[in-house]
Amino acid sequence: MTEVTRRIQVMVPMLGEEEEQAAVAAIRSGWVAQGPGVARFEREFATAVEAGHGIAVSSCTAALHLALVLHGIGPGDEVVVPSLSFIATANAVRHAGAEPVFADVDLATGNLTVETIDAVRTSRTRAVIAVHQGGVPFDVRALRSAAVSWGVPLIEDAACAAGSTAYGRSVGSGSTISAWSFHPRKLLTTGEGGMITVDSPEAAGRLRRLREHGMNVSAADRHASAQPVLESYLESAFNYRMTDIQAAIGLVQLGRLPALVGHRRILAARYHQLLADIEGLTPVRDPEYGETNFQSFWVLIDPEYGTGRDEVLAELAANGVSARRGIMAAHLEPAYADVAPGPLPVTERLTRDSFILPLHHALTEDDQDHIVAVLRKLAS
Ligand SMILES: *Cc1c(COP(=O)(O)O)cnc(C)c1O
């Protein structure tokens, strides 16, 4: 392959023949909407992330919205979120009718800390959504106990964090409520899709109802019953259901998770080695209390590097490498121009001076050598 025709994608979903066969089997079963496949995927996902109950939904954005509805959050309420996140985190707050309040993040992990949340908390703060950013776990012990002392629910945006660990356990373990994504940009995909995991069975029951029009009995259970079941609608709610076709694919994907994470961590370690002697580039690493799945392998540029972020992206693109800007900051987007946040210096530095390198199952050592060679040439 010549250098000009080379094309290295930033992310490639791992989809094989097994996913294809699973989708076909779901279609042939005659049950394609939410049914037994979704129920099985929920159980197996919850087990895999060490959570009590799984509730499959149509996206992580839907999961975050339902988490806020579950806690009764609405107009007049404030929800503390990081600005440094995919915009869905802040959007979910607005879906619930509440106002996002942006907190700054830690430079090394890209995550909220007890201090950054505390700096923006007010008497109207009704919840905190903390993100395990790009797969890097936040300090779950510190944030979970702080949330308890503040008396507000901690909703965990684990969109990127399937396979990440904190204190030796899955980030889903010990979380009151977490939201997960199966968009193809994440490690596990069902095309679109999401999951809520919760520890309380009461919360699980309410969430199942909220995602299915507020019905007291699921369509699948009604169908499976030998007796006629008259459903009733207990509250006005949503259609946030996942399909059994998606769940069939998700079950196969879930089986791949340990190997996917293991392989990503090997490739990430190799990036670390190759980048070590380039001055002014700091790649994301494991925090001391946990392990990231390296969903996003971001690199922070310091002034010593001598080349700015946009130039780095342009040069990588010219060499066939599809890298990305670092994680976005919602408060800098037109959609949130009406929010006047306090100072967010670390957020602005990370979003301005970082970029994301390709990392996926199909990335070769040769690809990595090529990418690092481009970065080395740009160093001053
Ligand atoms: C991708 C992502 C989401 C949205 O997930 P969808 O399943 O696409 O709705 C939310 N939060 C974070 C941090 C994400 O990375």
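Residues numbered from 1 in each chain as written. Predicted model: local features only at pLDDT ≥ 70, side-chain atom pairs only at ≥ 80, totals over all residues. Heavy atoms only, no water.

Participant: Any chance you could break down the site of the ligand for me, citing the residues and the numbers?
Facilitator: The immediate surroundings of the ligand are formed by 15 residues, with Cys 60, Thr 61, Asp 157, Ser 181 and Lys 186 found nearest. With respect to the ligand, the backbone of Cys 60 contributes an N or O atom lying 2.9 Å from an oxygen atom. Contacts to the ligand include Asp 157, whose side-chain N or O atom sits 2.7 Å from a nitrogen atom. For the ligand, the cavity whose grid points lie within 2 Å of the majority of its atoms is the largest pocket. Broken down by class, the residue content of the shell around the ligand amounts to six nonpolar, seven polar and two charged. (Near = heavy atom within 4 Å. Polar contact = N/O pair within 3.5 Å; in protein donor to acceptor, adjacent residues only side chain to side chain. 1 Å grid on protein atoms, 1.4 Å probe; cavity = no way out; pocket = protein on both sides within 12 Å on 5 of 7 lines; lining within 4 Å. Sits in = over half its atoms within 2 Å of the grid points. Nonpolar A, V, L, I, M, F, W, Y, C, P; charged D, E, K, R; others polar.)

Participant: Describe the side chain of Glu 19, and please don't skip the residues or the numbers.
Facilitator: Position of Glu 19 relative to the elements: it lies in helix α1 (residues 17-29). For Glu 19, a relative accessible area of 3% translates into the label buried. Non-local contacts of Glu 19, meaning those with residues more than four positions away in its chain, are made with Met 14, Ile 249, Val 252, Gln 253 and Arg 256. (Helix = DSSP H or I, 4+ residues; strand = E, 2+ residues; numbered from the N terminus. Buried < 20%, exposed > 50% of the residue type's maximum accessible area, 1.4 Å probe, protein only. Contact = heavy atoms within 4.5 Å.)

Participant: Quick rundown of the domain arrangement of the protein chain? Include the residues and the values.
Facilitator: Domain annotation for the protein chain reports domain 1 (17-255) and domain 2 (257-378). The gap between the C-alpha centroids of domain 1 and domain 2 is 26 Å. At the junction of the two partners, domain 1 supplies 41 residues and domain 2 supplies 37 residues. Summed over both sides, the interface between domain 1 and domain 2 buries roughly 3200 Å², with carbon and sulfur atoms accounting for 62% of that surface. Interface area lost by domain 1 to domain 2 is led by Phe 102, Leu 107 and Leu 187, which between them contribute 20%. For the pair domain 1 and domain 2, the number of links is one salt bridge. (Domains from an automatic or database assignment. Buried area = accessible area lost by both parts, 1.4 Å probe. Salt bridge = Lys/Arg side-chain N within 4 Å of Asp/Glu carboxyl O.)

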